[in-house]
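For reference, the chains in residue letters:
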Amino acid sequence: MKDIVIIGAGVVGCSIARELSKYNLEVVVIDKNQDISEGISKANSGIIHGGYNEKKETLKAKLNLEANKIIESLSEELEFSFKRNGSLVLALNEDEFKKLEQLKSNGEKLGINELEILVKNEVLDLEENINDDVVGALHVKNFGIVSPYEMTLAFAENACENGVDFLLGHEVTDIKKNEDSYTLIIKDKESIEAKIIINAAGLYGAFLNNLVSETKYEIEGVKGEYCLLDKIAGELCKKTLFQVPSDLSKGVLVTPTVDGNLLIGPNATQSEVEDIKTTRKGIDEIIEKSKKTMEKIPFARVLNTFSGIRPKVKTKDFIIEEAKDAKNFINVIAIDSPGLTCAPAISNYVIDLIKGNIKLEQKTNFKPHRTKMIRMSDLSIEEKNKLIAENPAYGKMICKCEFVTEGEIIDSIKRPLGARTLDGVKRRTRAMMGGCQGIGCMIPISDILSRELDIDISEVNKDIENSSVVGFKED
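Source: prediction; values computed, not measured. (Residues numbered from 1 in each chain as written. Predicted model: local features only at pLDDT ≥ 70, side-chain atom pairs only at ≥ 80, totals over all residues. Heavy atoms only, no water.)

## Looking at unusual backbone geometry
Okay, step 1: Here the amide bond leading from G265 into P266 is cis, since omega sits at -5°, within 30 degrees of zero.
Okay, step 2: Within the secondary structure, P266 is located in the loop between β16 (262-265) and β17 (269-271).
Okay, step 3: Along the chain, S337 connects to P338 via a cis peptide bond; the corresponding omega equals 10°.
Okay, step 4: Inspection of the secondary structure puts P338 in the loop between β20 (329-333) and α8 (339-354).
Okay, step 5: Of note in this structure, F403 is not a glycine but carries a positive phi near 55°.
Okay, step 6: Unusually for a residue other than glycine, R430 sits at a positive phi of about 75°.
Okay, step 7: Within the secondary structure layout, R430 lies in the loop between α11 (422-429) and α12 (442-453). (Helix = DSSP H or I, 4+ residues; strand = E, 2+ residues; numbered from the N terminus.)

Here it is as structure tokens:
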């Protein structure tokens, strides 16, 4: 029997796993997908919110404030990319300018002091490419950007190094309540018994809750579509640029990414939880709305479009609690925006919830630090030559757009929780994220996966099971 099973290997589940790895417990993370961060956590804006727009006395407001204060130290400890670039909430008329005062006042009541109102010339001094009809802006100085999947992987790898087991490709189909434990029924695999279950299953959190509790929830999917532009477009702005938010969404943003691209989106449309297709209508919507912020966006430089689904419930707040009629079943569901920001604080909140139910004895050998992957593109000539002399694989270029070498791809496979799919390599190395979007390197990377995993190239998957990259088997 396991002490704790976490269902869901997104940023919330992996953050909780990392926090639990500090204690002498048998912890397992299970996920139906073949890799970490395959759901909500791979398809969002990648932003660390300032928290000014949340409602007082909500979990969103409390946890956003707490997490924003610790994210920088966590990024240093776990070596994931983080930049406190600040954001501007742009007012395009006098009515919106008045709304900025309300947002600033709301943020200050929540305890956020890094806010200031800027007038037109001050805004244009900071961001010269913003449209000239801007009236003013709320400058949110504590705002930041991350790579959401890199952050998730950092939590997961450190948890793994500290003894947490990860069972990927394990889909929970049913949960049975025992006298003092739970039995998780896994599709096509052996069942798992646990004293405590932490339900961090994202879009499927309501389904799992409804298996064990008479209190029923329903997740409403809200799709957000995005355009990702290249690194030349990424030079258009330094800060993340918002428009004044609505009740449904924080609006279409224009933002640099930590990797130097430009990201535009999202819109907000009701959607089925499996529907991640982008639409012509949706992309046209975010393009038109983004032009209110900046007319000079070079849409000819779009590399890719994608969408993500946000899990909303009618309560409009996170649900983080023990199910009232299912002891030791901890729901961490309805984690929509600002869930990515809040993940580290959510993990601390969950520890407080369970500490009365299980003995938490701190490890004496906990390893708080995680070493990030080597990126050849970040090294000096001297550092590159030294590394190549030690390992010639780092001298063989595989992805010419993003300057990713064979050594980096091998490292991504051999690391804790290493890549097992093409998309797994992509998220860890940025291979296939450049101008050709994998046309030039997809097959060479598949060859490396085939060799390192000792499988036929026809068994190399893009992401999910049976998503073969090469549709034939060589004799």
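## A closer look at the UniProt feature "domain: BFD-like [2Fe-2S]-binding" (unreviewed entry) in the chain
Okay, step 1: Within this structure's numbering, the places UniProt gives as "domain: BFD-like [2Fe-2S]-binding" (unreviewed entry) are residues 397-450.
Okay, step 2: Helix makes up 48% of residues 397-450 and strand makes up 9%, while its end C-alpha atoms are separated by 18 Å. (UniProt positions renumbered as here; feature names shortened; annotations may be inferred.)

## Digging into the environment of L167
Okay, step 1: Within the secondary structure, L167 is located in strand β9 (residues 165-168).
Okay, step 2: By relative accessible area, L167 is classed as partly exposed at 29%.
Okay, step 3: Along the chain, L167 and K22 lie 145 residues apart, while their C-alpha atoms are 19 Å from each other.
Okay, step 4: With sequence-adjacent residues up to four places away left out, L167 is seen in contact with V28, V29, I30, D31 and I192. (Buried < 20%, exposed > 50% of the residue type's maximum accessible area, 1.4 Å probe, protein only. Contact = heavy atoms within 4.5 Å.)

## Some points on the sheet that holds strand β8 (residues 144-146)
Okay, step 1: Across the sheet, which stays open at both edges, the 3 strands sit in the order β3-β8-β4 with antiparallel pairing between neighbours. Each edge of the sheet is formed by a strand with only one pairing partner; in this case those strands are β3 (47-48) and β4 (82-83).
Okay, step 2: Bridge count for β3 against β8 is 2 bridges, and the pairing is antiparallel. Residue pairing across strands places I47 opposite I145, the latter belonging to β8. (Pairing = 2+ DSSP bridges.)

## Describing the environment of K55
Okay, step 1: Tracing the backbone shows K55 in the loop between β3 and α2 (59-78).
Okay, step 2: As for K55 and D188, which are separated by 133 residues in sequence, their C-alpha atoms are 44 Å apart.
Okay, step 3: Not counting the four nearest positions on each side in its chain, K55 is found in contact with A61 and L110.

## Notes on the packing of helix α1 (residues 11-20) against α8
Okay, step 1: Between α1 and α8, whose axes approach to 8 Å, the crossing angle comes to 45°. For the element pair α1 / α8, the angle class is oblique. For α1 against α8, the interelement crossing comes out right-handed. Residues V11, V12, S15, I16, E19 and L20 of α1 pack against G339, L340, A343, P344, I346, S347, N348, V350, I351 and I354 of α8. (Axes fitted to C-alpha atoms, helices over the stretch in contact; angles between N-to-C directions. Parallel < 35°, antiparallel > 145°, perpendicular 65-115°, else oblique. Left-handed = near helix turned anticlockwise from the far one by under 90°.)

## Structural notes on the pattern of salt bridges
Okay, step 1: Under the definition given, this model contains 37 salt bridges.
Okay, step 2: Notably, a salt bridge pairs R415 with D411, separated by 3.8 Å at the nearest N-O pair.
Okay, step 3: Given a relative accessible area of 12%, R415 falls into the buried group.
Okay, step 4: Members of the salt-bridge network, linked through shared partners, are D35, E38, K42, R427 and R428. (Salt bridge = Lys/Arg side-chain N within 4 Å of Asp/Glu carboxyl O.)

## Structural notes on the nonpolar core
Okay, step 1: I4, I6, L20, F166, I198, V332 and I346 are the most contacted members of the largest nonpolar core, which has 50 residues in total.
Okay, step 2: Only β1 (2-7), α1, β2 (27-31), α2, α5 (148-161), β12 (192-199), β20 and α8 provide two or more residues apiece to this core.
Okay, step 3: Tallying contributions element by element places α8 first for this core, with 8 residues.
Okay, step 4: Once you skip the residues sitting within four places of it in the chain, I6 turns out to touch G13, I16, A17, L20, V27, V28, V29, I30, I198 and A200.
Okay, step 5: Listed in part, the 22 residues of the second largest apolar core include L241, I264, M294 and I297. (Core = buried A, V, L, I, M, F, W, Y, C linked by side-chain atoms within 4.5 Å.)

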